Amino acid sequence: SSLTTIFSTILGTWINANFQGDQFLAVTDKMVTATNNVFKTVAKELLPTPAKAHYAFNLRDLAKVFQGVLMADVKTLSDTSDLQRLWIHECNRVFQDRLINDEDRSWFKSLMVKQLSEVFEAEYDTIVTDRLMFGDYQIPNADPKLYCQVQDFEKLVKTMEV
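Below: a short report on this structure. Just so you know, these numbers come straight off a predicted model, no measurement behind them.

Here is what the cut-offs are and how they apply
- Residues numbered from 1 in each chain as written.
- Predicted model: local features only at pLDDT ≥ 70, side-chain atom pairs only at ≥ 80, totals over all residues.
- Heavy atoms only, no water.
- Salt bridge = Lys/Arg side-chain N within 4 Å of Asp/Glu carboxyl O.
- Helix = DSSP H or I, 4+ residues; strand = E, 2+ residues; numbered from the N terminus.
- Buried < 20%, exposed > 50% of the residue type's maximum accessible area, 1.4 Å probe, protein only.
- Expected span 1.5 Å × (residues − 1).
- Arc of directions from axis to C-beta.
- Contact = heavy atoms within 4.5 Å.
- Polar contact = N/O pair within 3.5 Å; in protein donor to acceptor, adjacent residues only side chain to side chain.
- Phe/Tyr/Trp six-rings, centres within 6.5 Å; stacked < 30°, edge-to-face > 60°.
- Lys NZ or Arg CZ within 6 Å of the ring centre and 35° of its normal.

1. Re the pattern of salt bridges
At step 1: Across all of its chains, the model carries six salt bridges by this definition.
At step 2: Between Asp82 and Arg85 there is a salt bridge, with its nearest N and O atoms 2.5 Å apart. With Asp82 and Arg85 both in helix α4 (residues 80–94) and three residues apart, this pair spans about one turn of that helix. Each member of the pair, Asp82 together with Arg85, is buried.
At step 3: With its nearest N and O atoms 2.7 Å apart, the salt bridge here joins Asp102 to Arg105. Residue Asp102 and its partner Arg105 are both found in helix α5 (residues 102–118); the two are separated by three residues, about one turn of the helix.
At step 4: Taking relative accessible area as the criterion, Asp102 reaches 58% and is therefore assigned exposed.

Shown next as structure tokens:
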């Protein structure tokens, strides 16, 4: 489809410019396929109701996942599992953060586990071993801002409290 072509071109260009090795190139199609699958499933299954009026997902949400991936500091992404963690975080940020109850969040996590297994051929619990968060606020006043995985949550809390 045209969406696949658009996002494969954008992501592929970014990966080609920033990473060496065929294993990174293989992530392009997998990430685009998995993101499309997540978007289509969420849009089909999590329909708006009076209590969940904000469950209206559109193509902007799909684009936000890729926008977040492209913001990452490539120096902190050393292997494909780092890219997979980043992708999971971005899907969580765009889709899961809007979900209002544990049932929906659990359903979404199952969807992510399935996509990681079927598309990336990876195990969720191997990729995500701890809390998962990326952000550009870990180093105050950094120029440019470095969007990377939060490794030390105690340090993050201290940074935020200052």
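2. Digging into helix α3 (residues 59–70)
At step 1: Here α3 contains twelve residues, and its C-alpha end-to-end distance of 17 Å stays within 8% of the 16 Å for a straight helix at 1.5 Å per residue.
At step 2: Those residues of α3 lying buried are Asp61, Leu62, Val65, Phe66, Gly68 and Val69. Mapping the buried residues of α3 onto a view down its axis gives an arc of 160 degrees, with all of them on the same face. For α3, the exposed residues lying more than 90 degrees away from the buried face are Arg60 and Gln67.
At step 3: Summarising the contacts, the buried residues of α3 are in contact with α1 (2–18), α2 (22–45) and α4.
At step 4: Two or three places before Arg60, at the start of α3, stands the capping residue Asn58, its side-chain oxygen 2.8 Å from that residue's backbone nitrogen.

3. Considering the packing of aromatic side chains
At step 1: Applying the stated criterion across every chain, the model contains eight aromatic pairs.
At step 2: Their ring planes at 70 degrees and their centres at 5.5 Å tell us that Trp14 and Phe19 sit as a pair that is edge-to-face. In terms of burial, Trp14 and Phe19 fall into one category: buried.
At step 3: An aromatic cluster of three or more residues is present, and its members are Tyr55, Phe57, Phe95 and Phe108.
At step 4: The ring of Phe153 carries the charged tip of Arg131 above its face, separated from the ring centre by 4.1 Å.

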